[in-house]
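Residues per chain, in single letters:
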Protein chains: 2
Amino acid sequence: MKVRTLAVIGATGAVGRIVLEQLEQRNLPIDKYVFMASKRTAGTTLEFMGQTYTVELLCPDAFAGIDVAIASTPDDVAKELVPWAKQHGTIVIDESGAHRMLSDVPLVIPEVNPHAIGTHKGVIASPNCSTTQLVVALKPLHDFARVRRVIVTTYQATSGAGTAGQLELTASLKASLAGEAFSPTIFQHTIANNLIPQIGSHKENGYTSEEMKMVYETRKILEDDSIQVCPTCVRVPVANVHSESIVVETERPISPEEARSLFQAFNGITVMDDLPSSVYPMPCNTDRRDDVLVGRIRKDLSSPNGLAFWCTSDNLRKGAATNAVQIAELLLCDKTALCGT
Amino acid sequence: MKVRTLAVIGATGAVGRIVLEQLEQRNLPIDKYVFMASKRTAGTTLEFMGQTYTVELLCPDAFAGIDVAIASTPDDVAKELVPWAKQHGTIVIDESGAHRMLSDVPLVIPEVNPHAIGTHKGVIASPNCSTTQLVVALKPLHDFARVRRVIVTTYQATSGAGTAGQLELTASLKASLAGEAFSPTIFQHTIANNLIPQIGSHKENGYTSEEMKMVYETRKILEDDSIQVCPTCVRVPVANVHSESIVVETERPISPEEARSLFQAFNGITVMDDLPSSVYPMPCNTDRRDDVLVGRIRKDLSSPNGLAFWCTSDNLRKGAATNAVQIAELLLCDKTALCGT
């Protein structure tokens, strides 16, 4: 019997470390693990399932014998590694934004569009963190009453910019409390005691790259280009967990009670909704969870077919590592999917 | 000639101190100032225009000889003091929420509805902080193309809960950085490294009191009950300055260029809008300003008549103290307004 080998690329990064945790917790049919990183951390060691591994250097030949690779890298690194992987027949689960919108790359959230995985040609993309939690929350509403319009405003954590983003928040907070000046290097402006209404670069029509990802990726995953999305993405001084204020219009109205039932019945969503008792999702009660949390479910007062709610998710987990490992699980436990190559 | 006397009530609070600063900067036709506070701080002294004043105790007789009082107090104190003021013919400019929605109380933003002041019967209300900046931004759009629908999501600073709110943020941040537990007393949950999607109490239909203020006060100030508002109010770990993500639908479309011109021409609004250069309003560049800042002006991608933008304002200044002092200015410099009593 063939030995199945899985590689984790970017294994020493903020998301990579959680990929390892997830792999330790889930029972994937894998016989051998390989860990890769760029020059900066290759050669260091890491612990995985009680064993010590040396992190290998990411290079073309490193893909020999690898069946599946989960890659948590910047876009430019992902673009470089995919041709190397293809040469060795390695299927890449790519968490970067490099391949998501390519027509021959399925963009997959296992709870939402598992069927899409079957069409892959060697690369399967995991969506942007802010899109994943939005689409998980939209899916049961879309199935029930067809989503027509989404207005979403985000509160995004600094961990979205990796370990460096988290470290900059801490350094910035310390400087702020000490009344000292701080020069940011990761974010465009000081993040402590501030909000930055820009994530990514200016893209088109006054929207940022992060915002346009939410527009295009939502349509691709829900397989409906007629869904209209108006996003506003904002960085907030929170270490981890993205939050979103969402107003959705559907073809026919959904009552808050119906929405609550739909959310509750959906795999991957937890409803936390009791305003009189001050119970709702927040970063502090979402951190280190793998599900998407929904609360403040209520009628949109401004539209007959509108519904308003609040949604949180650990952006390093469901927004990145957890979703990628779930894709690997789907791929390795579903033979038709593996035949896609 | 009669000596004109102005009282500042709640003079030692977070907003009261800024009322004093504003009065020092503006040349109001006032001959005598009186400062009042509750038992807790009455008897202390404060400096105003180079003189030392003793803070007097707020009580029924304290209104004798007072023409106008600017009151920065909680709702219950405001309800108690208005009858005392009326007995002495004192006009009260009330910053609390106690009287705003009463039909015989004008709710005034001087740049937006100065004419309303003429109808007062002894009490003029200043709007809630989150409403004021929203309505200032909506006014030029409403005049140009009639606002039909507003979806607003807030990022509200801890200073909205007074000095105690600001102190709790600092204490909570210190505990968070030290890895220590923190028990909040002002906010419902820990505010450091967190977001709280609840401001005020549960009011109706799953909305909070703060959110419903934005619905009702907006309609009253713009004198148009057909405006539909869907608000989501969220407390963020920022010391001062409220921010809002606003999507507005108008009767006929407004292009981003038209909106920019309308905002620029409006007294009290400053446009700060250059995304490619990472220039937009933020708490850090809005703190201690008296205007309302607008940026990220763009077409709402989800509606033909929609416009999206981002808006910040110092909630202690234009959201409270500055607006109240501007009302006093309007009242004292406009004889028809004074005849309203």
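Since the structure is predicted, the reported quantities are computational estimates derived from the model, not experimental observations. (Residues numbered from 1 in each chain as written. Chains lettered and ligands numbered in written order. Predicted model: local features only at pLDDT ≥ 70, side-chain atom pairs only at ≥ 80, totals over all residues.)

Engineer: What am I meant to see in the relation of the copies chain B and chain A here?
Structural biologist: For these two chain copies, the linking operation is a rotation about an axis paired with a shift along it. Rotating chain B by 180 degrees about the axis while translating it 0.0 Å along that axis superimposes it on chain A, leaving an RMSD of 0.0 Å. Overall, the copies show the geometry of a two-fold rotation axis. When you check the interface residues of chain B against chain A, 100% turn up at the interface there too, and the contact is symmetric in its surfaces. (Least-squares fit on C-alpha atoms with pLDDT ≥ 70 in both. Contact = placed C-beta atoms within 7 Å.)

Engineer: Explain the environment of A:Thr44 to me, please; I cannot follow it from the model alone.
Structural biologist: With respect to the secondary-structure elements, A:Thr44 resides in the loop between β2 (32–37) and β3 (45–48). C-alpha of A:Thr44 to C-alpha of A:Glu244: the two residues are 200 residues apart in sequence and 37 Å apart in space. (Helix = DSSP H or I, 4+ residues; strand = E, 2+ residues; numbered from the N terminus.)

Engineer: Whenever I open this one, the packing of helix α3 (residues 129–145) of chain B against helix α6 (residues 256–265) of chain B confuses me. Can you help?
Structural biologist: When two helices pack together, their arrangement is given by the angle between the helix axes and the distance between those axes. All names here are of chain B. Contact pair α3 / α6: the axes reach a minimum separation of 9 Å and the direction vectors enclose 120 degrees. Judged on the interaxial angle alone, α6 and α3 are oblique. In terms of crossing hand, the pair formed by α3 and α6 is right-handed. Facing α3, whose interface residues are Pro140, Leu141 and Phe144, α6 presents Ala259, Leu262 and Phe263. Class assignment of the residues belonging to the contact of α3 with α6 gives a composition of six nonpolar, no polar and no charged. (Axes fitted to C-alpha atoms, helices over the stretch in contact; angles between N-to-C directions. Parallel < 35°, antiparallel > 145°, perpendicular 65-115°, else oblique. Left-handed = near helix turned anticlockwise from the far one by under 90°. Nonpolar A, V, L, I, M, F, W, Y, C, P; charged D, E, K, R; others polar.)

Engineer: Teacher, can you tell me more about the interface of chain B and chain A here?
Structural biologist: Quoted interface sizes are often the accessible area lost when the parts come together. At the interface, 52 residues of chain B touch 53 residues of chain A. Listing elements by their share of the side of chain B that touches chain A, those giving two or more residues are β9 (147–155), α4 (162–178), β12 (228–232), β13 (242–250), α7 (283–286), β15 (292–299) and β16 (306–313) of chain B. It is β9(B) that contributes the most residues to the side of chain B that touches chain A, five residues altogether. Here the side of chain B that touches chain A is composed, by residue class, of 28 nonpolar, 18 polar and six charged.

Engineer: Whenever I open this one, unusual backbone geometry confuses me. Can you help?
Structural biologist: In this structure, A:Ser278 is a non-glycine residue whose phi angle is positive, near 60 degrees. Despite not being glycine, B:Arg288 has its phi angle at roughly 70 degrees, a positive value. Mapped onto the fold, B:Arg288 is located in the loop between α7 and β15.

Engineer: Please clarify how helix α8 (residues 317–333) of chain B should be interpreted in this entry.
Structural biologist: All names here are of chain B. Helix length check: α8 (17 residues) gives 21 Å between terminal C-alpha atoms against 24 Å at 1.5 Å per residue, more than 12% under. For α8, the principal kink sits at Asn323 and spans about 40 degrees. Burial within α8 is extensive, with 13 of its 17 residues counted as buried. (Expected span 1.5 Å × (residues − 1). Bend = angle between axes of the 7 residues up to and from the residue. Buried ≥ 20, exposed ≤ 12 C-beta atoms within 10 Å, placed from the backbone.)

Engineer: Sorry, what's going on with the sheet that holds strand β8 (residues 123–125) of chain A here?
Structural biologist: Note on sheets: strands pair through backbone hydrogen bonds, and any given pair is parallel or antiparallel. All names here are of chain A. Reading across from one edge, β5-β2-β1-β6-β7-β8 is the order of the six strands in this open sheet, with parallel pairing throughout. Among the strands making up the open sheet, the edge pair consists of β5 (56–57) and β8. Strand direction decides the pairing type here: strand β1 (residues 5–9) and β2, joined by five bridges, are parallel. Pairing of Leu6 across the sheet is with Tyr33, part of β2. Contacting β1, β6 (68–71), β7 (91–94) and β8, helix α8 (residues 317–333) crosses the sheet at an angle of about 165 degrees to β6. (Pairing = 2+ DSSP bridges.)

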